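So you can see what is in the structure, the chains are spelled out below.
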Amino acid sequence: MVITWIDDALDHNDQQRQAMKAAYPASDQLSQLNGAQRALKIARHSPCAICDGSCPALHPPREIEVVLDQQVTNESSLGDLGQYGSDADDDDSDLPYLQTCACGHDVRNHNADETELEPVEFARRTRVAIRLDEMLHDVGKLLDFSYTDVDIVSLRRQMRIPVSLVSPRIRTTSSPEQQPSSPASSVLSDPPQPPNKRRRISVSSLSDADEDDEDDEEDRPLAVRMAMKTSARPEKTSRPPASKRSGKTRGKTTHKGQTAPTSVIPPTEAEQAQMNGVVNGMNGHTNGIKVEDMMDENQLTRLAAGVTVDSGARASAGPPAKTEKIAVTEMRRGVIQVTPVENDSQPRSTVILIGMKTLFQKQLPNMPREYIARLVLDSNSRGLAIIKRGFKVVGGICFRPFPHRGFAEIVFFATASADQEKGYGGMLMDHFKAHIKSAYPGMMHFLTYADNYAVGYFEKQGFSKDITLDRSVWAAYIKDYEGGTIMQCTMLDKVDYLDKPNIISQQQEAVMTKIRQMSKSHIVYPGLPQFQPGELEGVTLDSKDIPGLRESGWTHKMALEEIRPAPRNADTYYLERILKELQVHPQAWAFLVPVKAEEVPDYYDVITHPMDFQTMEHKLETNQYSSVEAFVADAQLVFDNCKSYNPETTIYHRNALKVEKFLKDQLLDDMKRES
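Since the structure is predicted, the reported quantities are computational estimates derived from the model, not experimental observations.

Novice: It is not clear to me how the overall build of the protein chain should be interpreted in this structure. Could you clarify?
Specialist: Each helix and strand in the protein chain was counted, giving 22 helices and 8 strands. The buried share of the protein chain, reckoned over its 675 residues, is 39%. Approximately 38800 Å² of the protein chain is accessible, and the part contributed by carbon and sulfur atoms is 53%.

Have a look at this one:
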């Protein structure tokens, strides 16, 4: 009886020990993972959707020990221990997989619900998660759920829906809505193919933050940029409300203030004032001077009359100089340098190529490591690398030149995570163009297959989805694959791409010179006596008697026209975002414009109430939608018409179902965010 009691106690302890363990999939092969294992890997690197930012990724409770589901059994130097008894009690192969996070929510709550994600998006996130696990395995931290580094944090940003697919419903009107730059989101529709048939998609790890400062200005009209840089006080704007990611999400990555840890003693009032730049003039710093104190009598008079004084000062000052980017400063100081490289078996080249390979493998999770290594080290490939303090590669571009065809294919393009906001990406692309013009004088075209994370960046660098290069030139050299967007860039022979700031500055000065020649803002007319103090009330004034009004180009017809467009509410901007997402959907090409009667003669006999995205865009621009429901009804009409006219076996019918599901998912996600 004593022996039986001891055996029962040991069994109970074993059960408790087993209950305190949970398995984690060790495999890094997509084909060897089932749906639940893929979801667990995704959740391990995804924030909890319920905890509202407090849980950055799934991590086990303290009482749970996580082990790999495939432990190595032949590590013992004692050989086969089976002769000494069974080890079944110590086998971890039948352990349940980790399902619950320390935050109290399960795998599905960590954005890993396969039923809610599209199969393509679920597969993409799985590949990113696998690459993250590979990086953790390389540093021996695969089972350390609290470990992060710069590369891990950067790559985890891709565990979210691309910014272009996130359209939060905005109910505020406080600030303008920003169109996200790409970012930087990636969706590959196909699983990895064998290397000899692999789609070479130039996945750019560059976020839009790399070009934020420059692009924010370049997206605005020139006059607005000049006014922003010379204005002494902020002005009100009537632009639409802001919408942030998610991005590329558009939004744009900005520098956000960090919340100070509670263990840090808050600064004193004097320290806070010093950090904010508020200093006492007695401490050796000059006090701030009001704008009015720097004006002469003439400028004060003009200011009192309601005339801006910026135009006069700008006439001689010219366009203000842009703040120099960190990349340019580091290049000038010799901290970094851009160098061409190829596999010529030289030690220096080998070190740089290995650095580029490692960088691409870290930043491009959708590309298998072996495939990246094969292409980077291929003798037919060429590269351009940013090296820092010796041979440390912090940015690189791998390309394949075809001089006899007049174009080059960009294969990989990435910068290090820690340096993506320094302007390395734009600088590297400028040096790449200059290098091509120098090394291959007759090669003026670039082609690349870009995914959703890279399209925005390449557009900023002069690439376009409109392919003007004849297909016969490149079709036999770059295979046309589905799932990627082929983009082209054609260089201008007269442009020195390493001198872009000076060229743009000259263009701005030329435009401002023309504006100053046509402008009459320097002419100041006396005020109208009818509105002076002491004058009689109710005095009318003919518009032709107002000095300077006709000289400004005003006509009586302008008084009869609407001064400003009708105000637009938050729903309008939200619907614009939704419609834009529908228009760029890969399966929405058949719904973009009205069906042509000459191409489908009987279409309008069957469909009595036609609708398409172009018509919806016109109705949206002319404020014909009174509510979101009316917009959704028109969108549903597009899908219903397509399904009614086309049989279920046709691609049109199938595409209508896909885009319809996409719209419903978007609306459902937005409703969840609001609630």
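Don't stop here, the text continues.
Novice: Help me understand helix α12 (residues 369-376) in this model?
Specialist: Each α-helix turn comprises 3.6 residues. Residues three or four places apart therefore point the same way. Those residues of α12 lying buried are Tyr-371, Ile-372, Ala-373, Leu-375 and Val-376. Against α11 (347-363), β5 (392-402) and β6 (407-415) lie the buried residues of α12.

Novice: Is there a simple way to think about the nonpolar core in this case?
Specialist: Most often, soluble globular proteins keep nonpolar side chains buried together rather than apart. Ranked by size, the top nonpolar core spans 51 residues in total, and within it Met-356, Phe-360, Phe-412, Phe-432, Phe-446 and Phe-458 carry the most contacts. With near-sequence residues (within four places) excluded, Phe-446 lies in contact with Ala-408, Ile-410, Phe-432, Lys-433, Ile-436, Phe-463, Met-487, Gln-488, Cys-489 and Met-491. Judged by nonpolar contacts, the second largest core, of 28 residues, contains Leu-58, Leu-117, Leu-136 and Leu-155.

Novice: Help me understand the confidence of the model for the protein chain, please; the structure alone is not making it clear to me.
Specialist: Parts of the model with low pLDDT should not have their predicted coordinates read in detail. Looking at the protein chain, pLDDT values average 74 and 67% of them are 70 or higher. Here residues 207-219 is modelled with pLDDT under 50, and outside its nearest four sequence neighbours on either side it reaches 46 contacts, counting other chains as well.

Novice: Would you mind showing me how to read the packing of helix α18 (residues 570-583) against helix α22 (residues 651-674) here?
Specialist: Two packed helices can be described by the angle between their axes and the distance between those axes. Relative to each other, α18 and α22 sit at 150 degrees, their axes nearing to 11 Å. The angle between α18 and α22 places the two elements in the roughly antiparallel class. Relative to α22, α18 is oriented so that their crossing is right-handed. Contacts between α18 and α22 involve Tyr-574, Ile-578, Glu-581 and Leu-582 from the first element and Val-659, Phe-662, Leu-663, Gln-666, Leu-667 and Asp-670 from the second.

Novice: Sorry if this is basic, but what is going on with the sheet that holds strand β8 (residues 485-490) here?
Specialist: Working definition: the strands of a sheet are paired by backbone hydrogen bonds and lie parallel or antiparallel to each other. Taken together, the 6 strands give an open sheet; going across it, the order is β3-β4-β5-β6-β7-β8, and neighbouring strands pair in mixed fashion. The outermost strands of the open sheet, each flanked by one partner alone, are β3 (336-341) and β8. Within this sheet the neighbouring strands show an average axis-to-axis angle of 25 degrees, counted without direction. With respect to the sheet, α11 is in contact with β3, β4 (382-388), β5 and β6, its orientation differing from that of β5 by roughly 95 degrees.

Novice: So what exactly am I meant to see when it comes to unusual backbone geometry here?
Specialist: Positioned with a positive phi, Ser-345 is a non-glycine residue whose angle comes to about 70 degrees. In this structure, Ser-345 sits in the loop between β3 and α11.

Novice: How do you make sense of the environment of Cys-101 when you look at a structure like this?
Specialist: For Cys-101, the location among the structural elements is in the loop between β2 (65-68) and α3 (119-138). We classify Cys-101 as buried; its relative accessible area is 2%. Each residue touching Cys-101, except ones within four places of it in the same chain, is listed here: Cys-55, Ala-57, Leu-58, His-59, Pro-61 and His-110.

Novice: Please clarify how the packing of aromatic side chains should be interpreted in this entry.
Specialist: Two aromatic rings are characterised by how far apart their centres lie and by the angle between their planes. In total, this model carries 19 aromatic pairs according to the counting rule given. Relative to Phe-446, the ring of Phe-432 lies with its centre 4.8 Å away and its plane at 40 degrees, an arrangement referred to as tilted. Of the two residues, Phe-432 is situated in helix α13 (residues 424-439) and Phe-446 in strand β7 (residues 445-450); the sequence distance between them amounts to 14 residues. In this structure an aromatic cluster arises from ring pairing among Phe-399, Phe-413, Phe-432, Phe-446, Tyr-457, Phe-458 and Phe-463. Over the face of the ring belonging to Tyr-24 we find Arg-44, whose NZ or CZ atom lies 5.3 Å from the ring centre. It is Arg-44 that lies over the ring of Phe-145; its NZ or CZ is 4.1 Å from the centre.

Novice: What's the story with the pattern of salt bridges in this structure? I'm lost.
Specialist: Where charged atoms of side chains with opposite charge meet at close range, the side chains can pair. This model, assessed by the stated rule, comprises 20 salt bridges. Residues Asp-133 and Lys-41 are paired through a salt bridge, measuring 2.6 Å at the closest nitrogen-oxygen approach. Within this pair, whereas Asp-133 is found in helix α3, its partner Lys-41 is found in helix α2 (residues 35-44), the two being separated by 92 residues in sequence. Residue classification places Asp-133 among the buried positions, given a relative accessible area of 5%. A relative accessible area of 1% places Lys-41 in the buried class. Between Lys-643 and Asp-640 there is a salt bridge; the shortest N-O distance is 3.8 Å. With Lys-643 and Asp-640 both in helix α21 (residues 628-645) and 3 residues apart, this pair spans about one turn of that helix. The structure contains a network of salt bridges with shared partners spanning Arg-131, Glu-134, Asp-138 and Arg-369.

Novice: Looking at this structure, I do not really get the pairing of β2. What am I missing?
Specialist: In regular strands, side chains alternate between the two faces of the sheet. The pairing of strand β1 (residues 21-24) with β2 spans 4 bridges and is parallel. The residue of β2 that forms the bridge with Tyr-24 is Leu-68. Read from β1 through α2 to β2, the crossover connection turns out right-handed.

About the cut-offs
- Residues numbered from 1 in each chain as written.
- Predicted model: local features only at pLDDT ≥ 70, side-chain atom pairs only at ≥ 80, totals over all residues.
- Heavy atoms only, no water.
- Helix = DSSP H or I, 4+ residues; strand = E, 2+ residues; numbered from the N terminus.
- Buried < 20%, exposed > 50% of the residue type's maximum accessible area, 1.4 Å probe, protein only.
- Areas by Shrake-Rupley, 256 points an atom, 1.4 Å probe, with all protein chains shown as cover.
- Contact = heavy atoms within 4.5 Å.
- Core = buried A, V, L, I, M, F, W, Y, C linked by side-chain atoms within 4.5 Å.
- pLDDT = per-residue confidence, 0-100.
- Axes fitted to C-alpha atoms, helices over the stretch in contact; angles between N-to-C directions.
- Parallel < 35°, antiparallel > 145°, perpendicular 65-115°, else oblique.
- Left-handed = near helix turned anticlockwise from the far one by under 90°.
- Pairing = 2+ DSSP bridges.
- Phe/Tyr/Trp six-rings, centres within 6.5 Å; stacked < 30°, edge-to-face > 60°.
- Lys NZ or Arg CZ within 6 Å of the ring centre and 35° of its normal.
- Salt bridge = Lys/Arg side-chain N within 4 Å of Asp/Glu carboxyl O.
- Right-handed = clockwise from strand over helix to strand, strands pointing away.

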